[in-house]
Amino acid sequence: RGSDEEGKTSVSSSSEPFRKTVSRSLAFAAEAREPRSGRVLVLECDAPGVQLYTGNFLNGAIGKNGVSYGKHAGFCLETQHFPDCVNQPKFESCVLSPNETYTPRMVHRFF
């Protein structure tokens, strides 16, 4: 957890990168810190995995209020099942049967 030596925002997760114990209750999934402002984001979720999108392909696209978004201008923590879980017996099942409801939960805490 924390910032890297260059002072950039860093993202970390629990004991294994972007993997947590299978549970339907909310659990710590990731933390991001911005060292200059001191902002901290803590993500809790009930999903077994988190994908990290780092904005590698942002190329100066113009967004809201004319802001230009270049490479690494932002990141996204996407809570979900593991991509190949349907083929991995050790992973939590991602199969949703008829009449079942999938209701994922996540909490973003900012400090």
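This structure is a prediction, so every number in the text was calculated from the model and none was measured.

Thresholds, definitions, all that
- Residues numbered from 1 in each chain as written.
- Predicted model: local features only at pLDDT ≥ 70, side-chain atom pairs only at ≥ 80, totals over all residues.
- Heavy atoms only, no water.
- Helix = DSSP H or I, 4+ residues; strand = E, 2+ residues; numbered from the N terminus.
- Buried < 20%, exposed > 50% of the residue type's maximum accessible area, 1.4 Å probe, protein only.
- Contact = heavy atoms within 4.5 Å.
- Areas by Shrake-Rupley, 256 points an atom, 1.4 Å probe, with all protein chains shown as cover.
- Salt bridge = Lys/Arg side-chain N within 4 Å of Asp/Glu carboxyl O.
- pLDDT = per-residue confidence, 0-100.

## Section: the overall build of the chain
Assigned secondary structure in the chain consists of 0 helices and 8 strands. Overall, the chain shows an N-to-C arrangement of helices and strands of β-β-β-β-β-β-β-β. Here the chain holds 111 residues, and the buried ones make up 25% of them. When contacts within the chain are restricted to residue pairs at least 6 apart in sequence, long-range pairs at least 24 apart make up 50% of them. A total accessible area of about 7,800 Å² is found for the chain, and carbon and sulfur atoms account for 52% of it.

## Focus: the pattern of salt bridges
Inspection of the entire model under this criterion finds 4 salt bridges. Here Glu 34 and Arg 36 are joined by a salt bridge, their closest N and O atoms 3.7 Å apart.

## Observations regarding the confidence of the model for the chain
Within the chain, residue pLDDT values average 82, and 79% of them lie at 70 or more. Model confidence for the chain, summarised as mean pLDDT per element, is weakest for strand 1 (residues 10-13) at 46 and strongest for strand 3 (residues 39-45) at 97. Below a pLDDT of 50 lies the segment residues 1-23, which in the model reaches 58 contacts outside its immediate sequence neighbourhood of four places, other chains included.

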